[in-house]
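The chain contents come next:
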Amino acid sequence: MRRLFLAVSTLALLAAACRSAPQPTPEPSPAPGSQAPATPPADPESFRDQPPTAGPAPELVLPRFEQAVLDNGLTVLVSTRKELPLVYVGTAFAAGSATDPQGKWGLADLTYKMMLEGAAGKDTLALDQAFQNLGVSPSVSVGSDGAVLGVRVLQRNTEAALALITQVVRQPTFAPKDFERRQKLQLAELVRALGSPGFLAQRTFLDVVFGAAHPYGHPTSGLPETVGAVTVRDVKAFYEKNVGPRTTALVMTGDITLEQAVALAKKSFGDWKGKAVLPPVPPAPPTPARGQVVFVPKAGLDQTIVLMGRPGIAAGHEDESALDLATTVFGGFFGSRLNMNLREDKGYSYGANSGSDARLGVGPVTASASVRADVTGAAVTEFVNELKGLRERPITPRELEPAREGLIRAFPGSFESVEGLGSSASELFLRRRPLDEYARTVAGLEKATPAEVQRVAEAYLGPDAMQIVLVGDPEVIQQQVGPLGLGKLVAKEPAKAPAPKP
């Protein structure tokens, strides 16, 4: 009974509580369209939408080159930099592969390399050991307009290094046994090069654009048949004719002054005599309209090398800076027209290139790329279309300014080491340019107007005068390039490697 009473009481209380509890007031419904949109969460990666602002460009500081000439005609070139106790000691020779006699291509290259095979009573090993005792190894590079031979040493070893360089320059041995070994090495390197499509393209291009009789019409290394025809007597005759105080510059850069260099030069070369005189400037080749497409057959190649070009200008020409800018816009950097077309748009190539090689004489203007073999014809068509486009779609300031900035900002890289300074000084001597050449070049790049660059682009990059050289599968080239109507297809068989001597 008690439990029944409690149950009834509890139910009564719950019922009373329910009756007395306030009823919740419903929220008014928002008017249609009046609800505020939800704010999306902030994107933590949104800062990537805008590239960071570039800081101020560092000031461009060009090196200062100084020059003196000894009584015997020897040039002394110096650029002083004292941040580190290092000195580059080198010599630049004004006769390069452009002076090779017909049938003896590679003679200049062999001669300069032979100078490090023994000198002043030291054989190859003894001479090499003498340089090693100074902690250095000499290098030699040969080009069409000359050669450079030198070393980088600690400042305290400058005089000792110069003594060895002096012996190499003035007293080379040219021993027959050393010549035979060097010649074999040269031939072995050429055999390897003949398997390289790039070498075959360059060798054929020089022949097509300059002609075999022109001083720039052959590779510096020569060809197997011409190197094989060189004798040690030829090497000695080349040295006697082309190496002497009036054709040589002593180049010293780094922790050394002009006064110190001149004193050392007089001690080492002051009594040097010789009959050599500066070689003549190579003549400008003709620039005919293209009448043929030359190809080097290499069956089975997965890629075809496309190399187009023509004679351009000599160093110091008034169009030099504008032409550098025009070729850079066309194909000289990643954002260039040719690269963006062939690589980014079409996917035909990993990259394209273009440039002007101004030499002592008229050098070549080139554009090149290695393209997929299956799109050889399409790629050649795009080359020609882009060349035509320089006239149909004039170069814009948006294209020109990155090219201008890239060329100018690249200059310090040439001077970042004492060897780089030495190489730059040597180029002044070999190209016979004034000491302020690099400042003049930068000024020319800075002031070249869009109209000047456009004029030069149309003058030197017109498609009709651009010779075309291809290296690739002959069947692919004949099927894809033949119908394009760019000229008669002419096959040029690659030079054959000589049979090894017993």
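Everything here concerns the structure above.
From a predicted model like this one, the values you see are computed outputs, not experimental measurements.

Inspection of the entire model under this criterion finds 29 salt bridges. Residues D357 and R359 are paired through a salt bridge, measuring 2.9 Å at the closest nitrogen-oxygen approach. Judged by its relative accessible area of 32%, D357 is partly exposed. Three or more residues joined by partner-sharing salt bridges are found here, namely E117, K177, D178, R181 and R182.

Grouped together as the largest cluster of nonpolar side chains are 73 residues, with contacts concentrated most on L74, V76, F93, Y112, F131, V168 and M252. Broken down by element, the residue count for this core peaks at 7 residues, all from helix α6 (residues 197-210). Shared between two domains, this core takes at least three residues from each, and those domains are domain 1 (66-270) and domain 2 (292-491). Ignoring sequence-local partners within four residues, the contact set of F131 consists of V136, P138, V151, L164, I165 and V168.

If you walk across this open sheet you meet the 6 strands as β1-β2-β6-β3-β5-β4, and the pairing is mixed. Looking at the sheet topology across the chains shown, the edges are occupied by β1 (66-69) and β4 (139-142). Strand-to-strand twist of the sheet, defined as the mean angle between neighbouring strand axes without regard to direction, takes the value 20°. For strand β2 (residues 75-80) and strand β6 (residues 248-254), the ladder comprises 6 bridges, and the chain directions are parallel. The partner of V76 across the bridge, within β6, is L250. The strands touched by helix α9 (residues 258-269) are β1, β2 and β6; relative to β2, the strand with the most contacts, the crossing angle is about 150°.

With that out of the way, let us pick up the environment of N133. One can find N133 in the loop between α3 (124-132) and β4. Along the primary structure N133 and R203 are separated by 70 residues, whereas in three dimensions their C-alpha atoms are 39 Å apart.

Analysis parameters
- Residues numbered from 1 in each chain as written.
- Predicted model: local features only at pLDDT ≥ 70, side-chain atom pairs only at ≥ 80, totals over all residues.
- Heavy atoms only, no water.
- Salt bridge = Lys/Arg side-chain N within 4 Å of Asp/Glu carboxyl O.
- Buried < 20%, exposed > 50% of the residue type's maximum accessible area, 1.4 Å probe, protein only.
- Core = buried A, V, L, I, M, F, W, Y, C linked by side-chain atoms within 4.5 Å.
- Helix = DSSP H or I, 4+ residues; strand = E, 2+ residues; numbered from the N terminus.
- Domains from an automatic or database assignment.
- Contact = heavy atoms within 4.5 Å.
- Pairing = 2+ DSSP bridges.
- Axes fitted to C-alpha atoms, helices over the stretch in contact; angles between N-to-C directions.

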